[in-house]
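If you want the building blocks of each chain, they are given just below.
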Amino acid sequence: MTSSDPYSAFRLNLEQQKKRAKELLRDAKVFEADSLQRIGRHGNETAALTLASAQHCLARELRFTNWAALKHHIKAMEQQRAQLSSDVVLDADLRTMHIRCGHDIQTALINAGLHGEFNVQIDPFVQGPVTADDDWLEHRARFIHEALGKDSDMQPETVLAGCRDEERRLSQAISDFERVVLWFELDAHDQLILLRCLAWFADHGMPPRLELVDAADFPGAQRFLGL
């Protein structure tokens, strides 16, 4: 079966998959029940136990159409990994800002060759008041301090300064950058921050180029929540 490691899909290796197919076929030929069921589940009868049927089973378990599609995917990933180690800056063609709701993928983006400005928007709009009042940022800062910051050394003035800085950086995205890339997941926390960013651009003007990373699936991953 596929690994429970959530990152295993990004480390698929063809030799490893060939070895797994041989092991699956070996177990099926001695009538190991689980192996027979796995191969049979993907359209191969017990009487037709071959290496090809075991390879097809593994490919289907990894959610590929067939073994050839799995091989093509692994080759493409190897080529992309080679590009990542070549010191090429992938977003150097345009002055680029990457907007995310936290610092969690910043290092990964840099390692992937994306060296543009990283803009963190972390106001948790999924919690607390969001009003149309002129002093709505003061309301937000007060809520964040009372709900989330009382047990820390964070002062209300510091929270408000952070809220205002997020607004300033959204304004900077319009004035100082040629491309803005949005990196948000599917949960409510991310989606409300995404809506805030889009509302800002709708009210204050669009960047010359606005991109949204949209990856709802990744081949080989059992559980991929998407961006």
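Here we summarise the structure given alongside this text. As the structure is a prediction and not an experimental result, all values here were calculated from the model.

1. Details of empty space enclosed by the protein
Okay, so step 1: Per the stated rule, a full pass over the model turns up one cavity of 30 Å³ or more.
Okay, so step 2: Lining the largest cavity, in full, are Gln 121, Asp 123, Phe 125, Trp 136, Leu 137, Cys 163, Glu 166 and Glu 167.
Okay, so step 3: Where the lining of the largest cavity is concerned, the elements lending two or more residues are helix H6 (136-149) and helix H7 (156-176).
Okay, so step 4: Here the lining of the largest cavity takes three residues from H7, the largest share from any one element.
Okay, so step 5: For the lining of the largest cavity, the class distribution of residues is four nonpolar, one polar and three charged.

2. Let's talk about helix H2 (residues 33-41)
Okay, so step 1: When we look at burial in H2, the residues that qualify are Ser 35, Leu 36, Arg 38 and Ile 39. For H2, the angular spread of the buried residues around the axis is 160°, confining them to a single face.
Okay, so step 2: On its buried face, H2 sits against helix H1 (14-29) and helix H3 (51-61).
Okay, so step 3: The first or second residue beyond H2 is Gly 43, which carries a positive phi of 90°.

3. Observations regarding a nonpolar patch on the surface
Okay, so step 1: Together, Val 126, Leu 192, Leu 195 and Leu 198 line one region of the surface with nonpolar side chains, adding up to about 310 Å² of accessible area.
Okay, so step 2: You can see Leu 192 is positioned in helix H8 (residues 188-204).
Okay, so step 3: The class for Leu 192 is partly exposed, based on a relative accessible area of 33%.

What counts and how
- Residues numbered from 1 in each chain as written.
- Predicted model: local features only at pLDDT ≥ 70, side-chain atom pairs only at ≥ 80, totals over all residues.
- Heavy atoms only, no water.
- 1 Å grid on protein atoms, 1.4 Å probe; cavity = no way out; pocket = protein on both sides within 12 Å on 5 of 7 lines; lining within 4 Å.
- Points joined across faces, edges and corners; volume = space filled by probe spheres on them.
- Helix = DSSP H or I, 4+ residues; strand = E, 2+ residues; numbered from the N terminus.
- Nonpolar A, V, L, I, M, F, W, Y, C, P; charged D, E, K, R; others polar.
- Buried < 20%, exposed > 50% of the residue type's maximum accessible area, 1.4 Å probe, protein only.
- Arc of directions from axis to C-beta.
- Contact = heavy atoms within 4.5 Å.
- Patch = residues over 30% accessible without salt bridge, like charges linked within 9 Å, V, L, I, M, F, W, Y side chains within 5 Å.
- Areas by Shrake-Rupley, 256 points an atom, 1.4 Å probe, with all protein chains shown as cover.
- Salt bridge = Lys/Arg side-chain N within 4 Å of Asp/Glu carboxyl O.

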